[in-house]
Amino acid sequence: MIMESPNNIVLQKDFDEIVESNTPFEALSGKTVFVTGATGLIGSQFIKSLACCNRKKGSAIKIVAFVRSAEKAEKVFGDIPDIEFVVGDIHAKIEYNGNVDYIIHGASATSSKYFVEHPVETIKTAIDGTVSVLEFAKEKKVEGFVYLSSLEVYGTPSENAGLISESDYGYIDQLNVRSSYSEGKRMVECLCCSYASEYNVPVKIARLSQTFGAGVEYNDGRVFAEFARCAIEKKDIVLHTQGNTVRSYCYTTDAVSAITYILLKGKSGEAYNVTNMNTACSIKEMAQLVCDTFKDSGIEVKIDIPENIASFGYNPEMIIRLDSGKLEGLGWKANVSLEEMFKRLVASMKNE
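Residues numbered from 1 in each chain as written. Predicted model: local features only at pLDDT ≥ 70, side-chain atom pairs only at ≥ 80, totals over all residues. Heavy atoms only, no water.

Caption draft 1: A look at the pattern of salt bridges. Here the structure, examined in full by the defined rule, presents 18 salt bridges. Between R344 and D14 there is a salt bridge, with the nearest N and O atoms lying 2.9 Å from each other. One end of the pair, R344, is in helix 11 (residues 338–351); the other, D14, is in helix 1 (residues 9–19), with 330 residues separating them in the sequence. By relative accessible area, which is 17% here, R344 ends up buried. Ionic pairing is found between K56 and E20, a salt bridge with its closest N-O pair at 3.5 Å. Within this pair, whereas K56 is found in helix 2 (residues 41–57), its partner E20 is found in the loop between helix 1 and strand 1 (32–36), the two being separated by 36 residues in sequence. A single network of salt bridges, built from pairs that share partners, joins E4, D16, E20, R55 and K56. (Salt bridge = Lys/Arg side-chain N within 4 Å of Asp/Glu carboxyl O. Helix = DSSP H or I, 4+ residues; strand = E, 2+ residues; numbered from the N terminus. Buried < 20%, exposed > 50% of the residue type's maximum accessible area, 1.4 Å probe, protein only.)

Structure (structure tokens):
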């Protein structure tokens with residue numbers, strides 16, 4: 001039988017583990033699940049987790065992957081059975097004749113540099129794309145829908161904010177083009193709640209903390225990937241800020257599990273923080289953790305702040321520790337520590 005990740009044993013182990021966990025995939029048996037952003041990190045791992053469930057447990061989940069490029073989809077998914085590709089533009093009306101029971105909407109811009117260089121496209125993808133998916137959900141009368149949002153909707157919290165719950169919000173400068181992403185996410189959350197209220201679309205919101213793990217591409221531009229590459233290539237980690245920003249993180253398959261809980265057990269029109277509360281640390285602390293975890297690399301943390309720092313697209317310095325208590329109330333819990341996240345990420349990158 002065809003494995004979900006035959007060329008990456010670290011990632012395959014993740015899929016096998018999540019299928020054997022308490023994640024309630026069995027409720028999706030015989031259902032059709034439609035995923036946008038299907039070739040992205042979260043979308044692809046959600047799909048491969050469902051495919052693994054089909055292979056190991058005979059769940060007969062029909063998986064529909066909405067993609068921009070059939071070529072890229074074939075590269076990401078290979079010959080995995082039970083996946084139907086629908087090629088289309090998220091900005092246009094979605095055409096699919098079959099029945100759809102559940103939707104995971106993950107199509108989004110993801111690069112900070114892209115947000116700065118293409119803020120208009122970032123906003124249009126968020127709003128126009130989500131309107132297309134919500135209209136599609138209304139047409140199909142789906143049983144459940146999860147929109148993948150971000151911790152960035154919280155903006156910059158006050159210094160003494162403490163744990164950030166779903167009802168807490170900070171400051172966002174709407175005149176900064178970097179805010180195209182965070183303001184776009186905020187507006188789309190309002191769109192989702194509006195469709196839930198006016199049209200009874202059963203949409204829930206997953207506010208993801210920064211999420212990574214096995215399966216992240218080697219050349220990924222985000223900070224965690226850069227740190228992992230430094231460990232592999234035995235290069236010092238060079239920070240272009242003081243590294244004081246504090247965030248919490250989540251492992252990829254922990255996030256897949258969380259999305260499934262929200263899809264099946266969450267309340268329509270509500271948001272849920274998705275994070276491992278034990279991972280909160282500053283960028284500099286995370287860099288040092290990588291140096292300490294991979295001592296054989298002999299690397300150190302260094303700071304080099306450039307004059308044109310705005311061009312990097314970094315968020316303002318902040319402390320944001322998400323509270324996942326509401327999600328845990330649905331029965332979910334995070335399992336993978338930050339140190340283990342990096343061990344699996346590095347092992348996966350080496351495997352690739």
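Caption draft 2: Region of the structure containing the layout of surface pockets. Size it by volume and the second largest pocket reaches roughly 280 Å³. Counting only elements with at least two residues in the lining of the second largest pocket, the list comes to helix 1 and helix 8 (252–265). Per-class residue counts for the lining of the second largest pocket are four nonpolar, seven polar and five charged. (1 Å grid on protein atoms, 1.4 Å probe; cavity = no way out; pocket = protein on both sides within 12 Å on 5 of 7 lines; lining within 4 Å. Points joined across faces, edges and corners; volume = space filled by probe spheres on them. Nonpolar A, V, L, I, M, F, W, Y, C, P; charged D, E, K, R; others polar.)

Caption draft 3: Spotlight on the environment of C250. Within the secondary structure, C250 sits in strand 10 (residues 246–251). Counting along the chain gives 30 residues from C250 to A280, while the straight-line C-alpha distance between them is 9.8 Å. Residues within four places of C250 in sequence aside, it is in contact with S209, Q210, T211, F212, A255, V274, T275, N276, W332 and M341. (Contact = heavy atoms within 4.5 Å.)

Caption draft 4: How the structure looks around the sheet that holds strand 10. Strand order in this open sheet of three strands is 8-10-12, and the pairing throughout is mixed. With one partner strand each, in any of the chains shown, strand 8 (210–212) and strand 12 (276–282) form the two edges of the open sheet. Pairs of neighbouring strands in the sheet enclose a mean axial angle of 40°, with direction left out of account. As paired elements, strand 10 and strand 12 share three bridges and run antiparallel to each other. Paired with V246 across the strands is S282, a residue of strand 12. (Pairing = 2+ DSSP bridges. Axes fitted to C-alpha atoms, helices over the stretch in contact; angles between N-to-C directions.)

Caption draft 5: View of the state of the cysteines. With the rule as written, the count across this model stands at zero disulfides. Looking at C190, it has no disulfide partner, and the nearest cysteine sulfur is the one in C193, 6.8 Å off. Left unpaired, C230 is separated from the closest cysteine sulfur, that of C291, by 8.2 Å. What makes C230 buried here is its relative accessible area of 8%. (Disulfide = S-S within 2.5 Å.)

Caption draft 6: Representation of the sheet that holds strand 11 (residues 271–274) in the model. The strand order 3-2-1-4-5-7-11 describes an open sheet built from seven strands, whose pairing is parallel. The sheet terminates laterally at strand 3 (83–87) and strand 11, the two strands that pair on one side only. Neighbour-to-neighbour, the strand axes of the sheet open up by a mean angle of 20°, direction not taken into account. One ladder, built from four bridges, connects strand 7 (residues 203–208) with strand 11; its direction is parallel.

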